[in-house]
Amino acid sequence: MLNSKRGPQGGYCLARNPDEITVRDIVQATEGDTLLVDCSGGKKNKQHCGFDGGCVTQTVWDEASRELNRLFGSITLKTLCDRGHAMGIKREQDHRFMYFI
């Protein structure tokens with residue numbers, strides 16, 4: 001998702017366009033699978049649950065995790081920027097978080 005450049009004037013930049021990077025991509029890269037509870041989302045996680053197959057809420061958690069992933073997959077960085085712009089949030093121009101080493 002990111003490219004880096006070493007040395008003077010180095011730093012990080014997006015490797016893809018903002019409209020190609022989803023919130024789901026970011027969450028998966030930083031946190032791993034997006035599961036609401038450990039026993040949902042596949043057999044590898046269900047081994048931690050002693051009630052697998054006998055829990056009435058397990059299907060609810062599975063469905064909720066799928067919906068969360070669907071939602072996160074539908075929101076891109078461009079979407080977030082557009083929403084921020086619509087809210088009146090200005091793009092930072094003063095580079096106060098830019099550090100040159």
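To be clear, the structure that these remarks concern was listed above.
Residues numbered from 1 in each chain as written. Predicted model: local features only at pLDDT ≥ 70, side-chain atom pairs only at ≥ 80, totals over all residues. Heavy atoms only, no water.

Trainee: Run through the pattern of salt bridges, naming residues and quoting values.
Mentor: In total, this model carries three salt bridges according to the counting rule given. One salt bridge connects aspartate 25 with arginine 16, and the closest N-O pair in it is separated by 3.5 Å. When its relative accessible area of 24% is taken as the criterion, aspartate 25 is described as partly exposed. The exposure class assigned to arginine 16 is partly exposed, which follows from its relative accessible area of 33%. Of the charged contacts, one joins aspartate 82 and lysine 78 as a salt bridge, the two residues approaching to 2.9 Å between their closest N and O atoms. Of this pair, aspartate 82 and lysine 78 are both found in helix α4 (residues 77-86), four residues apart, which corresponds to roughly one turn of the helix. (Salt bridge = Lys/Arg side-chain N within 4 Å of Asp/Glu carboxyl O. Buried < 20%, exposed > 50% of the residue type's maximum accessible area, 1.4 Å probe, protein only. Helix = DSSP H or I, 4+ residues; strand = E, 2+ residues; numbered from the N terminus.)

Trainee: So what's going on with a nonpolar patch on the surface? Residues and values would help.
Mentor: Taken together, the side chains of Met1, Leu2, Tyr12 and Leu14 define a hydrophobic patch exposed on the protein surface, amounting to about 440 Å² of accessible area. Tracing the backbone through its elements, the reader meets methionine 1 in the segment before β1 (2-5). (Patch = residues over 30% accessible without salt bridge, like charges linked within 9 Å, V, L, I, M, F, W, Y side chains within 5 Å. Areas by Shrake-Rupley, 256 points an atom, 1.4 Å probe, with all protein chains shown as cover.)

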